[in-house]
Amino acid sequence: MTEIVRMTEEDVTAVAELEKKCFAVPWSEKSFHDEMKNKLAVYFVAKSDGRCIGYAGFWNVSGEGGITNVAVLPEYRRQGIGSMLIAEMIKTAVKLRLDLLTLEVRKSNIAAQGLYKKYGFDIIGERKRYYSDNGEDAWIMTKTFAENEE
Ligand SMILES: CC(C)(COP(=O)(O)OP(=O)(O)OC[C@H]1O[C@@H](n2cnc3c(N)ncnc32)[C@H](O)[C@@H]1OP(=O)(O)O)[C@@H](O)C(=O)NCCC(=O)NCCS
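Quantities reported herein were computed from a predicted structural model and do not represent experimental measurements. (Residues numbered from 1 in each chain as written. Predicted model: local features only at pLDDT ≥ 70, side-chain atom pairs only at ≥ 80, totals over all residues. Heavy atoms only, no water.)

*Asks:* Can you walk me through the pattern of salt bridges in this structure?
*Replies:* If the charged atoms of two oppositely charged side chains come close together, the side chains can form a pair. Considering all chains together, one arrives at twelve salt bridges under this definition. With a shortest N-O distance of 3.5 Å, Asp137 and Lys107 are connected by a salt bridge. Here the residue Asp137 occupies a position in the loop between strand 6 (122-127) and strand 7 (138-144), and Lys107 occupies one in the loop between strand 5 (100-106) and helix 4 (110-118), the gap between them amounting to 30 residues. Looking at Asp137, the relative accessible area reads 18%, which means it is buried. One connected set of salt bridges, linked through shared partners, spans Lys107, Glu126, Lys128 and Asp137. (Salt bridge = Lys/Arg side-chain N within 4 Å of Asp/Glu carboxyl O. Helix = DSSP H or I, 4+ residues; strand = E, 2+ residues; numbered from the N terminus. Buried < 20%, exposed > 50% of the residue type's maximum accessible area, 1.4 Å probe, protein only.)

*Asks:* Sorry if this is basic, but what is going on with the site of the ligand here?
*Replies:* Of all residues adjacent to the ligand, which total 21 residues, the nearest are Val70, Gly82, Ser83, Asn109 and Lys118. Val72 is positioned with one of its backbone polar atoms (N or O) 2.8 Å from an oxygen atom of the ligand. Between the ligand and the protein, one listed contact pairs an oxygen atom with a backbone N or O atom of Leu115 at 3.2 Å. According to the grid-proximity analysis, the pocket containing the ligand is the largest pocket. Breaking the shell around the ligand down by element, the ones donating at least two residues are strand 4 (64-72), helix 3 (81-95), strand 5 and helix 4. No other element matches the six residues that helix 4 contributes to the shell around the ligand. (Near = heavy atom within 4 Å. Polar contact = N/O pair within 3.5 Å; in protein donor to acceptor, adjacent residues only side chain to side chain. 1 Å grid on protein atoms, 1.4 Å probe; cavity = no way out; pocket = protein on both sides within 12 Å on 5 of 7 lines; lining within 4 Å. Sits in = over half its atoms within 2 Å of the grid points.)

*Asks:* Could you clarify how one ought to interpret the pairing of strand 2 (residues 41-48) in this entry?
*Replies:* As a general feature of sheets, a regular strand has side chains that alternate between the two faces. The buried count for strand 2 comes to eight of eight residues, which makes it a mostly enclosed element. Judged by which residues are buried, strand 2 turns out to be covered on both faces: Ala41, Tyr43, Val45 and Lys47 on one side and Val42, Phe44, Ala46 and Ser48 on the other are all buried. For strand 1 (residues 2-6) and strand 2, the ladder comprises five bridges, and the chain directions are antiparallel. Counterpart to Glu3 in the pairing with strand 2 is Lys47. The pairing of strand 2 with strand 3 (residues 51-61) spans eight bridges and is classified as antiparallel. The residue bridging Ser48 from the neighbouring strand is Arg51, located in strand 3. (Pairing = 2+ DSSP bridges.)

Quick look at the structure:
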């Protein structure tokens, strides 16, 4: 059974290992320790029988949620885990009365774009040469919460 729970210090080592398997330029273990102390940060992990198989998070800044990352271990992909993580972040964003969730995604990352589109994120702009490793452009994708607007 897979469950989505808030990430804690105890998950940091496992998440840093997962990160290495998912990204060309992974965040360090220290950066995840720092995130756990960051009052703006809201992170979740997907656990299958206690094993950390995915994680995702956002920063809550002035009523806007900036998603930092979403990742699922390669052998657990296409099983709805990324969807569970996104759905939990959307639920939390609504609870926190955020106006929107937003993120950057590589233009070549069709899998992630498909996930975000499925959950109502639209391309609202681009950032040229956003990724320093290969100079790739990013799409900016945003989901707004009309029901939270005054
Ligand atoms: C992006 C990622 C988190 C998706 O996780 P996942 O658990 O495989 O996603 P799900 O199984 O919930 O898929 C949800 C939807 O995403 C899209 N999708 C996922 N993988 C896809 C792929 N390989 N190709 C095309 N669309 C894909 C589909 O629309 C899918 O819906 P469907 O299954 O009904 O077709 C995962 O591929 C990953 O960890 N990638 C590496 C890290 C990364 O790039 N993160 C995003 C950084 S911005």
